[in-house]
There are 2 protein chains.
Amino acid sequence: AVAAPAIAQSSPDLKWRLTSSFPKSLDTLYGAAEVFAKAVADATDNKFQIQTFAAGEIVPGLQAADAVQNGTVEMAHTASYYYVGKDPTFSLFTAQPFGLNTRMQASWMAFGGGEQLANDFFKKYNFLAIPCGNTTCQMGGWFRKEIKTVEDLNGLKFRIAGYAGNIFSKLGAVPQQLAGGDIYPALEKGTIDAAEWVGPYDDEKLGFVKVAPFYYYPGWWEGGAMLHNFINLDKWNALPKNYQAIVRAASAQANDWMIAKYDNANPQAIKRLAAGGAQLRPFPQPVMEASYKATMDTYAETSGKNADFKKVVDSVIAYRGDSYQWWQVAELGFDAFMVRMRQRG
Amino acid sequence: AVAAPAIAQSSPDLKWRLTSSFPKSLDTLYGAAEVFAKAVADATDNKFQIQTFAAGEIVPGLQAADAVQNGTVEMAHTASYYYVGKDPTFSLFTAQPFGLNTRMQASWMAFGGGEQLANDFFKKYNFLAIPCGNTTCQMGGWFRKEIKTVEDLNGLKFRIAGYAGNIFSKLGAVPQQLAGGDIYPALEKGTIDAAEWVGPYDDEKLGFVKVAPFYYYPGWWEGGAMLHNFINLDKWNALPKNYQAIVRAASAQANDWMIAKYDNANPQAIKRLAAGGAQLRPFPQPVMEASYKATMDTYAETSGKNADFKKVVDSVIAYRGDSYQWWQVAELGFDAFMVRMRQRG
């Protein structure tokens, strides 16, 4: 074979399609894909162009992984836990109920074995995953009535999806699956009693405060929900090495952008929501503890049936223990003091 | 003028030198420069090569900014607060005593006006700054004797540099400037009473536990110490746009790498230090409060004399208030609960 000129090998003109699992209205979740694609284009003088599509433009948001697997698109920007129906192991690469916070999830992925576990697992589906964003710690959602005891969860029709729904079932609640646009009317009519979405900035747009004013925290099932770029393995392997490097670097840039944008926007949103009638409530301690126990029980049950899940959740639980032993020292010491001083004015 | 072929314009062979302010032994601080340089080389098929030099190889670590300003090197990986002697405003782009935590510093830089303020200021010195790493919340340092009251700070010879040294002076301590290698013998002989360095992973290497076993937290003067790439403005402006984009993306990749590496390494290091005799101590609440007051007084004094400092610190203080108002809800609620559950085993 005759080698092509080096320049042609390393910087070919290339067009990819990226399907996002998010609508454009979620400008931070969807926006990360745009930031990523622009970074790739800028780094390659527009030779490598990745066109981004919102959920539904090519495939529905929850079919993004399938579209990558079967090569309909080269890549997706999505949340692994949307595919919990294929295998519960998918849930753990986004967030784990009572698991890792935003920074811990990133360090577990990069240095704690997470990326290896993820890509060993995703190989079965013919894609690899590169971290690309995090919603930061989510809120617990909007409730029509206050939750004062564990018993108040009994029969509660709660819009919550995925693995966390199983845990709420164990607590007596009735998890509901509803698309974003259907939540408000269901809360208004009382067809459901509560709904979780993301955090202040995204929640504000859907106007839940008017129909379910009790805004609970923390969203213990998503202490930090990591997004990923899923990339078809055949397409990835065919990329020139420098384009692979650019995809990784651009993913990091979009990752930082998303986290910083949420950290910048949520403080203003929570102020507006509180001024607009949101009643902020921490989940009562007994509710948190019962939820923690239900979570650990659910992990044990799934682990008994699924070796992949067990391997990943065991890694997370060990990492969580070491990480929080350190976190309680400097990070929590600093944050807790700063919060106290702010409260004093 | 005849246009050069597009390919030559956008992907020229280029060699730059980067001076780090850190020795290779600080493998996370120094390592970020290596990760950055490798990402740039990988993204450009080795056409854009940035050779990294440890502190002292070209210029001493604390002269990195000067070397960038006068064009001795194209860029540096450094901490802005090392140059507080030129202008106290430099200190604020790394960390602010009782200021922003790691994530807040990133969001303030990206979306809260920090980057604009930084680069308006750095323009006077002929460089621009791109965030590239963070040490995460630092420890308060190693003390030969326990600190039980504010009075115990009186006359304390404390190895601490920069703006935080001014604050400790106000509290009655006597700040000492010592290079890393000189700290251990000074502590051993009792020439100094205490020393701060970074956090568990970096501190462990210097062996302070043997001579000053009381390990205090949090390092309230560095709730998150951001590192930057400083780049000579003439060199930056001469870069092809795609190389500028690659430098930005590679900086983000090294940023994530450093934070994740510290978050992964510190938990193991603090366990080893505790097993090796470190006595972990929180600064007593009255010491924290006196330090907070001394900090705010010092900010006011400097602001009275320096309009640049005032503009930046006012931005930080406003951002801090809003950020912690939100942080206390979901993030702190989640972290505090997780710490409690871990303590119970």
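Conventions adopted
- The numbers attached to residues start from 1 for each chain and follow its sequence in the written order.
- To read the labels, note that chains go from A and ligands from 1, taken in the order they are written.
- In view of the model being predicted, local features appear only for residues whose pLDDT reaches at least 70, and side-chain atom pairs are presented and counted only at 80 or more, with totals across whole chains, interfaces and linings using the full set of residues.
- Note: side-chain values were computed over all heavy atoms of the structure, leaving out hydrogens and water.
- By the criteria applied, helices consist of DSSP H or I runs no shorter than four residues and strands consist of E runs no shorter than two, each listed in order from the N terminus.
- The size measure is the radius of gyration over C-alpha atoms, and the globule rule it meets is 2.2 Å times the number of residues to the 0.38 power.
- Only protein chains enter the accessibility calculation, which uses a 1.4 Å probe; a residue whose area is less than 20% of its type maximum is buried, one above 50% is exposed, and one in between is partly exposed.
- Any two strands are treated as partners once DSSP identifies two or more bridges connecting them.
- For helices, the axis comes from a line fit to the C-alpha atoms of the stretch in contact; other axes are also lines fit to C-alpha atoms, and the angle between any two N-to-C directions lies between 0 and 180 degrees.
- Contacts were defined at the residue level, with two residues in contact if any of their heavy atoms lie within 4.5 Å.
- Definition used for salt bridges: Asp or Glu carboxyl oxygen within 4 Å of a side-chain nitrogen of Lys or Arg.
- Least-squares superposition aligns the copies on the C-alpha atoms of those residues with pLDDT at or above 70 in both.
- Contacts described as polar in this section are N or O atom pairs within 3.5 Å, which, within protein, must combine one atom able to donate a hydrogen with one able to accept it, while residues neighboring in sequence count only if both atoms come from side chains.
- Two parts placed together each lose some accessible area under a 1.4 Å probe, and adding up what both lose gives the buried area.
- In these notes the angle categories are as follows: under 35 degrees is roughly parallel, over 145 is roughly antiparallel, 65 to 115 is roughly perpendicular, and the rest is oblique.
- Less than a right angle of anticlockwise turn of the near helix away from the far helix marks a crossing as left-handed, whereas a clockwise turn marks it as right-handed.
- Charged residues are taken to be Asp, Glu, Lys and Arg, nonpolar residues to be Ala, Val, Leu, Ile, Met, Phe, Trp, Tyr, Cys and Pro, and polar residues to be all remaining types, Gly included.

1. Regarding the overall build of chain A
Right, so step 1: Scanning chain A for helices and strands turns up 13 helices and 11 strands.
Right, so step 2: Taken against the 2.2 N^0.38 rule, which gives 20 Å for 345 residues, the C-alpha radius of gyration of chain A at 21 Å falls within 12% of a compact globule.
Right, so step 3: Dimensions of chain A, computed from C-alpha atoms along their principal axes, come out at roughly 75 × 45 × 40 Å.
Right, so step 4: When each of the 345 residues of chain A is scored for burial, the buried share is 60%.

2. Comments concerning the sheet that holds strand S3 (residues 75-78) of chain A
Residue and element names in this part refer to chain A.
Right, so step 1: One open sheet holds the five strands; their spatial order is S2-S1-S3-S10-S4, and the pairing between them is mixed. The strands lining the two open edges of the sheet, one partner per strand, are strand S2 (48-53) and strand S4 (127-134). Between one strand axis and the next, the sheet turns by 25° as a mean value, whatever way the strands run.
Right, so step 2: As judged from the six bridges shared by S4 and strand S10 (residues 226-232), these two strands associate in the antiparallel manner. In the strand pairing of S10, Phe127 is matched with Asn232.
Right, so step 3: Relative to the sheet, helix H2 (residues 29-43) contacts strand S1 (14-20), S2, S3 and S10, its axis offset from that of S2 by approximately 165°.
Right, so step 4: Along the sheet, helix H5 (residues 114-122) contacts S4 and S10; its crossing angle with S4, the most-contacted strand, is approximately 135°.

3. Some thoughts on the pattern of salt bridges
All names here are of chain A.
Right, so step 1: Under the counting rule described, the total for this entry stands at 34 salt bridges over all chains.
Right, so step 2: Here Glu331 ties to Arg103 by a salt bridge, and the two come within 2.8 Å at their closest N and O atoms. Of the two residues, Glu331 sits in helix H13 (residues 330-343) while Arg103 sits in helix H4 (residues 102-111), which places them 228 residues apart along the sequence. Here Glu331 matches Arg103 in class, with each residue buried.

4. Re the relation of the copies chain A and chain B
Right, so step 1: The operation relating chain A to chain B is a screw motion whose rotation component is 180°, with 0.0 Å of axial translation and a residual RMSD of 0.0 Å. Viewed as a symmetry operation, the transformation between the two copies matches a two-fold axis. Closest approach to the rotation axis among the C-alpha atoms of chain A is made by Ala249 of chain A, whose C-alpha sits 2.5 Å away.
Right, so step 2: Taken together, the interface assignments show that 100% of the residues at the interface of chain A recur at the interface of chain B, consistent with an identical surface on both copies.

5. Here we look at the environment of Glu204 of chain B
Residues and elements named next belong to chain B.
Right, so step 1: Relative to the elements of secondary structure, Glu204 occurs in helix H8 (residues 200-206).
Right, so step 2: In sequence terms Glu204 and Arg272 are 68 residues apart; their C-alpha atoms lie 8.6 Å from each other.
Right, so step 3: Excluding residues that lie within four positions of it along the chain, Glu204 makes contacts with Ala269, Arg272 and Leu273.
Right, so step 4: Of note is the side chain of Glu204, whose polar atom sits 2.7 Å from the side chain of Arg272.

6. Here we look at the interface of chain A and chain B
Right, so step 1: At the junction of the two partners, chain A supplies 80 residues and chain B supplies 80 residues.
Right, so step 2: Both sides of the chain A and chain B interface together cover about 6,800 Å² of buried area, and 65% of this is carbon and sulfur.
Right, so step 3: When the area that chain A buries against chain B is broken down by residue, the three leading residues are Phe111, Trp326 and Phe334 of chain A, summing to 11%.
Right, so step 4: In this structure, Arg344 of chain B engages Glu289 of chain A in a salt bridge whose closest nitrogen and oxygen atoms are separated by 2.7 Å.
Right, so step 5: Our enumeration of links across chain A and chain B arrives at 24 residue pairs in polar contact (both at pLDDT 80 or more).
Right, so step 6: Every element with two or more residues in the side of chain A that touches chain B is listed here: helix H1 (6-10), H2, H4, helix H10 (241-275), helix H11 (285-305), helix H12 (307-327) and H13 of chain A.
Right, so step 7: The element contributing the most residues to the side of chain A that touches chain B is H10 of chain A, with 22 residues.

7. Let's talk about the packing of H4 of chain A against H12 of chain A
All names here are of chain A.
Right, so step 1: Relative orientation of the contacting elements H4 and H12 amounts to 125°, with a least axis distance of 10 Å. Viewed along their axes, H4 and H12 adopt a mutual orientation that is oblique. Here the hand of the crossing between H4 and H12 comes out right-handed. Where H4 approaches H12, its residues Arg103, Met104, Ser107 and Trp108 are matched on the opposing element by Val312, Ser315, Val316, Tyr319, Ser323, Tyr324 and Trp327.
Right, so step 2: A class-by-class count of the residues in the contact of H4 with H12 yields seven nonpolar, three polar and one charged.

8. Here's the deal with the pairing of strand S10 (residues 226-232) of chain B
Residue and element names in this part refer to chain B.
Right, so step 1: Counting buried positions along S10 yields seven of seven residues, so the element is predominantly enclosed.
Right, so step 2: A two-sided burial pattern is seen for S10, the buried positions comprising Met226, His228, Phe230 and Asn232 on one face and Leu227, Asn229 and Ile231 on the other.
Right, so step 3: Two elements, strand S3 (residues 75-78) and S10, share four bridges in a ladder whose sense is antiparallel. Bridging from a neighbouring strand, Thr78 pairs with His228 of S10.

Note that every value here comes from positions in space, so none of it alone points to a role or purpose.
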